[in-house]
Amino acid sequence: MAGATDTALVSEDTSETEAVAAGAVGLAAVLFALSLASVFELVTITDPVAGVPMVALLGGLLVVLGFAVVTFGVGSRLGYVATDPRPTAGLLASGTFGLIWFVVGGLVASQTLGLGTAGWVVASLVTGGAAFAVSALPREDIGSTLPAGALAVFAGVVFLTGVIGPSWLWDLGWEQQASFNAEFTIPVLTAFCSLLVGWAAAKAYGGFGARGRHIGAYVLVYLNAISIIALLFLLVAFTVLKGLPGLFKGLAFGAGAGPEVTLVGVTFSLPVSWPFVMNGVALLNDVNGVLPAIVGTIWLVVGAVLFAVPLGIGAAVFITEYADRGRFTQVVEIATNGLWSTPSIVFGLFGLAFLVPRLGNQKSLLAGMLTLGFMLLPLVVITSRESMLAVPDEYRDASAALGVTKWQTVRSIVLPAALPGIVTGIILGVGRIAGETAPILLTMSGSVAPPGSQTVDVLGGFQLQYAPPFVTNPELMQATSALPYQLYSLITAGVGQSSNISAIDEFRWATALILLVVVLGFYAIGIATRYYFRSKLQHD
Amino acid sequence: MNVLPNSDGAGLRAAARRGLRRGRDFVDETPPDALVTVTVAAVSLLAAFAGFLAVSSLTAIPFAVFLVATGYGWLRHQELTARVLTLTTTVSTILVLGLILVFIFAEAWPTVQYATVNVFGVPIPGLRLFIETRWSPVTPPIQYSLVPMIHGTVLVTIIATAVAAPLGVAAALFLSEIAPRTVRELVKPGVEILAGIPSIVYGFIGFTILSPWAADQFDIVGQGTYLFVGIVVGLMALPTVVSVAEDALNSVPESMKSGSLALGTTDWQTMTSITLPAAFSGVSAAVLLGVGRAIGETMAATVMLRGSPGLTKPLYNVFYGNDTLTSLIAANYGDADGLQLSALFVAGVILFVTVLFLSIGSQYIEARMRRKLGGAE
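What counts and what doesn't
Residues numbered from 1 in each chain as written. Chains lettered and ligands numbered in written order. Predicted model: local features only at pLDDT ≥ 70, side-chain atom pairs only at ≥ 80, totals over all residues. Heavy atoms only, no water. Helix = DSSP H or I, 4+ residues; strand = E, 2+ residues; numbered from the N terminus. Rg over C-alpha atoms; globule rule 2.2 N^0.38 Å. Buried < 20%, exposed > 50% of the residue type's maximum accessible area, 1.4 Å probe, protein only. Contact = heavy atoms within 4.5 Å. Areas by Shrake-Rupley, 256 points an atom, 1.4 Å probe, with all protein chains shown as cover. Lys, Arg positive; Asp, Glu negative; His and termini not counted. Charge placed at Lys NZ, Arg CZ, Asp CG, Glu CD. Core = buried A, V, L, I, M, F, W, Y, C linked by side-chain atoms within 4.5 Å. Patch = residues over 30% accessible without salt bridge, like charges linked within 9 Å, V, L, I, M, F, W, Y side chains within 5 Å. Salt bridge = Lys/Arg side-chain N within 4 Å of Asp/Glu carboxyl O. Axes fitted to C-alpha atoms, helices over the stretch in contact; angles between N-to-C directions. Parallel < 35°, antiparallel > 145°, perpendicular 65-115°, else oblique. Left-handed = near helix turned anticlockwise from the far one by under 90°. Nonpolar A, V, L, I, M, F, W, Y, C, P; charged D, E, K, R; others polar. UniProt positions renumbered as here; feature names shortened; annotations may be inferred. Phe/Tyr/Trp six-rings, centres within 6.5 Å; stacked < 30°, edge-to-face > 60°. Domains from an automatic or database assignment. Buried area = accessible area lost by both parts, 1.4 Å probe. Polar contact = N/O pair within 3.5 Å; in protein donor to acceptor, adjacent residues only side chain to side chain. pLDDT = per-residue confidence, 0-100.

## Concerning the overall build of chain A
- The secondary structure content of chain A amounts to 18 helices and ten strands.
- Taking 24 Å as the expected radius of gyration for a compact globule of 540 residues, we find that chain A reaches 32 Å, considerably beyond that expectation.
- Dimensions of chain A along its principal axes, counting C-alpha atoms only, are 95 × 70 × 55 Å.
- Expressed as a percentage of its 540 residues, the buried residues of chain A come to 49%.
- Sequence separation of 24 or more characterises 73% of the internal contacts of chain A that already satisfy a separation of 6 or more.
- Working note: accessible area of chain A is about 24200 Å², and carbon and sulfur atoms make up 68% of it.
- Across chain A, the mean location of the 21 positive side-chain charges is 9 Å away from that of the 28 negative side-chain charges.

Written out as structure tokens, the structure is:
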């Protein structure tokens, strides 16, 4: 639906008034940014900005903004501004305004004026009803600007007169104490009012009517998308900033700097020493590290993939290629979707009840692998099935016409064609399970801060014997650590358990960062794979 | 999507006859040694499963037989073996769900039985879990009430839904209808990565940054509020809502949108009066799935809440946070045994059943929507 409304059919000579509305939108944006800055305590509300206290500045700007929008609406109603309004602002807008003013009326009556229950209910109903009527009954230009602008003016006046000043405090008076202070209330109210007025101003900029609503809605939707991305960026950047010092502590390069390793019988020193990922936790370590947890996470993922991927792809092949579409495939679909949304802690409980008693009656790496495998299974089935369904039937028909069997078609036509989707799905699924804490908490959790000597060595642990079960591996049968579990135990551990770690906060943030790097690394690879295959498909 | 079995006898008999005939045909057409191989593999796998269930040390023997039999079958009768193997994997996928149900119900049963109440002489198992309000597993009188945790879960879920539903649907609209191609290619992976951040990292940031900040801002004694757990959990449920709702919006046929646009509507009018109503059920399925995610979210709640089961005073006090069903399990499994451990499994059963119903409900809604739109195409 591209570009259907890009050409402004209603572009009359309204550039000046449009500029006023656009200015109001811009002012609302500035106010919104200012209030966010004070919520995050980048500026305090008592700080003077250009000689004016922050509270007064916010209040003053709100009053100006409110008046601008109301003036625009009234001007449009009186015919000074050429717009194209509808007869009414619509039920949704009226309902929202009614509700907002209902709350405002109630709060003022009960908290500021101190009226009783009957008093505030009456006041609420009066203000709410009035706002609803003002919004619903007149033409859209009045209906969508007046209640919004009045709210901004009201809030501004409240801030300016000091009814809600910097020292304002509202104790809710509950048994479990909680109260609102000015530091929080003023910015949040300002942000809310500026959003509301910004929407009204954007609508006015579009000249109300269909085009105005379009612009008003788009402003909010774009703002929402931008905030989600900003939040993501903030989360990742914050973790990186806090985690970097601990992560690279003691990093050294040069021949022979690193620990000795033995590969195929040859012992040599690594040319790099990275203590945080090469050490465990010990009293005598210069820099403590999380090596056991990293190795544990790697083995968990390997085990879960080995268990879930063959099962999942097999199931997907059966329900897409062999089974007729009917009851059975529906049951499988419902079961896999049900498994997919099952909470991770329930998988943990299941592992505790089903796997732990049957695998040596103690928490073990193997139990953790299988539990995560159960979690990965539905995701593999769903994504493999989707990508197999996307393989065109012509491929299958062409292959069948050559006289080969069904399995040969699946093996040499369907699976290769569906492989990109399957691989992407598996990588994304692995990213999800690598960060899961709850299932392994109940099935394989080891010590809080394991020393380097407790690093699991699965490959070296296999032992053959003549009595059943023929192959044993004590490494698989004991508890170990993994990155998410390590982070959890560092958060909840008492002082005694982590006394070996000196700068505990730095250590925690570095652990969080390396967990984030591992998990987002899987996601980045998965997403990149998808783009690679997609661009290749489009080229062909 | 009628999943209930057809219960009239004649249909069932006919189906059984068809199945029998198909089975006979299959036996007739398959070479005998292939049949033997497959049977041996199936029986040995069943035996291995039974051995595993019975905690037998001999489990490995039938499993080895299974491996040998399938290996032989793979070399000699690949077609049949592949078919049987894929069927086996499918059955085991369903089996996992069944096993989860059976095992957590079995573990939960002792506490349910302990909490039996006689109502007019009729014993109702588990009723006391829901009519008492005190969780006290150690100090007498021993009571395992799940009411405080259910209250916490409900509060957190309501707040999380209030965050995730509107923001998620708006973001889905943006991705599917509004964003230019290049912007979409940037925002979509962003939302996916938001889903990828491990819950314990969210919890850690909440625990170290958000909780102290909230305690300071709202003058709360101690740390941990349902309000901020709800907001964090809402952010975590957001990507689920976005991706499912986006799929639903994308499944509205382009012809419907074009038809509306051809009448001279704006993009936004088309969205509110055509696309959203047509995709309404799919969008509500997305919200349901998001609610399911929020109910089951564990780690953020565990590290951000106080872990002291109890009701908040007053009940709608969201500035205080005790415990949710998930955090109860994660925080107490370590030192729980006997009836207390079993009570944790009851909490697990409640979570599992609730979320399973949400999942099935949303699938039903989606299927209905697909059918409706398919007819319109």
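Having seen it, we continue.
## Overview of the nonpolar core
- Of all hydrophobic cores here, the largest spans 196 residues; its most connected members are Leu 365 of chain A together with Ile 100, Ile 200 and Phe 319 of chain B.
- When residues of this core are assigned to their parent elements, the largest contribution, 17 residues, is made by helix α10 (residues 291–322) of chain A.
- Every residue in contact with Ile 100 of chain B, bar those within four places of it in the chain, is listed here: Leu 339, Val 346, Phe 347 and Phe 350 of chain A together with Phe 352 of chain B.

## A closer look at a positive patch on the surface
- There is a patch of like positive charges on the surface, built from Arg 13, Arg 17, Arg 18, Arg 21, Arg 22 and Arg 24 of chain B.
- Tracing the chain through its elements places Arg 24 of chain B in helix α1 (residues 9–29).

## Details of the packing of helix α3 (residues 91–112) of chain A against helix α7 (residues 182–205) of chain A
All names here are of chain A.
- Packing of α3 against α7 brings their axes to within 14 Å, and their N-to-C directions diverge by 155 degrees. By the angle between their axes, α3 is roughly antiparallel relative to α7. In the crossing of α3 with α7, the sense of the turn from one axis to the other is left-handed. Residue-level contacts link Ala 93, Phe 97 and Ile 100 of α3 to Phe 192, Leu 196 and Trp 199 of α7.
- Here the contact of α3 with α7 is composed, by residue class, of six nonpolar, no polar and no charged.

## Focus on the interface of chain B and chain A
- Every contact between the two is made by 110 residues of chain B and, on the other side, 111 residues of chain A.
- There are one salt bridge connecting chain B and chain A.
- With a closest N to O distance of 2.8 Å, Glu 192 of chain B and Arg 530 of chain A form a salt bridge.
- A per-element tally of the side of chain B that touches chain A places helix α4 (residues 78–114) of chain B first, with 18 residues.
- Its residues assigned to classes, the side of chain B that touches chain A comprises 69 nonpolar, 27 polar and 14 charged.

## Considering the UniProt feature "transmembrane region" (unreviewed entry) in chain B
- Following the UniProt record, the feature "transmembrane region" (unreviewed entry) maps to residues 45–72, 84–106, 152–175, 195–214, 226–245, 274–295 and 339–361 of chain B here.
- This span, residues 226–245 of chain B, is 100% helix and 0% strand, and a straight line between its end C-alpha atoms measures 26 Å.

## A look at the packing of aromatic side chains
- Applying the stated criterion across every chain yields a total of 29 aromatic pairs over all chains.
- Aromatic pair Phe 97 of chain A and Trp 199 of chain A: ring centres 6.2 Å apart, planes at 50 degrees, arrangement tilted. Separated by 102 residues along the polypeptide, Phe 97 of chain A in helix α3 and Trp 199 of chain A in helix α7 bring together distant segments of the chain. For the pair Phe 97 of chain A and Trp 199 of chain A, a shared accessibility class is recorded, and that class is buried.
- Between the aromatic rings of Tyr 222 of chain A and Phe 174 of chain B, the centroid separation amounts to 4.9 Å while the plane-to-plane angle is 85 degrees, which identifies the pairing as edge-to-face. Of this pair, Tyr 222 of chain A sits in helix α8 (residues 209–247) while Phe 174 of chain B is found in helix α6 (residues 147–178), placing the two residues in two different chains.
- Here the aromatic residues Trp 170, Phe 180 and Phe 184 of chain A together with Trp 213, Phe 218, Phe 228 and Phe 319 of chain B are joined through ring pairs into a cluster of three or more.

## A closer look at the environment of Gly 250 of chain A
Residues and elements named next belong to chain A.
- One can find Gly 250 in the loop between α8 and β5 (252–253).
- Each C-alpha atom, one on Gly 250 and one on Val 103, is 57 Å from the other, the two residues being 147 residues apart in sequence.
- What Gly 250 contacts, discounting residues up to four positions off in sequence, is Ser 273 and Pro 275.

## Brief notes about unusual backbone geometry
- Phi at Phe 208 of chain A takes a positive value of approximately 55 degrees, unusual for a residue other than glycine.
- Relative to the elements of secondary structure, Phe 208 of chain A occurs in the loop between α7 and α8.
- Given a relative accessible area of 1%, Phe 208 of chain A falls into the buried group.
- Positive phi outside glycine occurs at Asp 219 of chain B, with the angle close to 50 degrees.

## Some points on the domain arrangement of chain B
Residues and elements named next belong to chain B.
- Domain annotation for chain B reports domain 1 (9–110) and domain 2 (146–376).
- Here the C-alpha centroids of domain 1 and domain 2 sit 38 Å apart.
- The interface of domain 1 with domain 2 comprises nine residues on the first partner and nine residues on the second.
- Carbon and sulfur atoms supply 86% of the area buried between domain 1 and domain 2, which totals about 750 Å² over both sides.
- Taken as a group, Ile 104, Glu 107 and Ala 108 account for 53% of the area that domain 1 buries against domain 2, more than any other trio of residues on that side.
- Connecting domain 1 to domain 2 are two residue pairs in polar contact (both at pLDDT 80 or more).

## Section: a nonpolar patch on the surface
Residue and element names in this part refer to chain A.
- Together, Phe 102, Val 103, Leu 107, Trp 120, Val 121 and Leu 125 make up an exposed nonpolar region whose accessible area comes to about 480 Å².
- Elements with a contribution of two residues or more to the nonpolar patch: α3 and α4 (117–136).
- Structurally, Val 121 can be placed in helix α4.
- Taking the relative accessible area as the measure of exposure, Val 121 reaches 32% and is therefore partly exposed.

## Description of the confidence of the model for chain A
- On average, residues of chain A score 83 in pLDDT, and 92% of them reach the 70 mark or higher.
- Mean pLDDT values for the elements of chain A range from 67 in strand β6 (residues 260–263) of chain A up to 92 in helix α12 (residues 344–355) of chain A.

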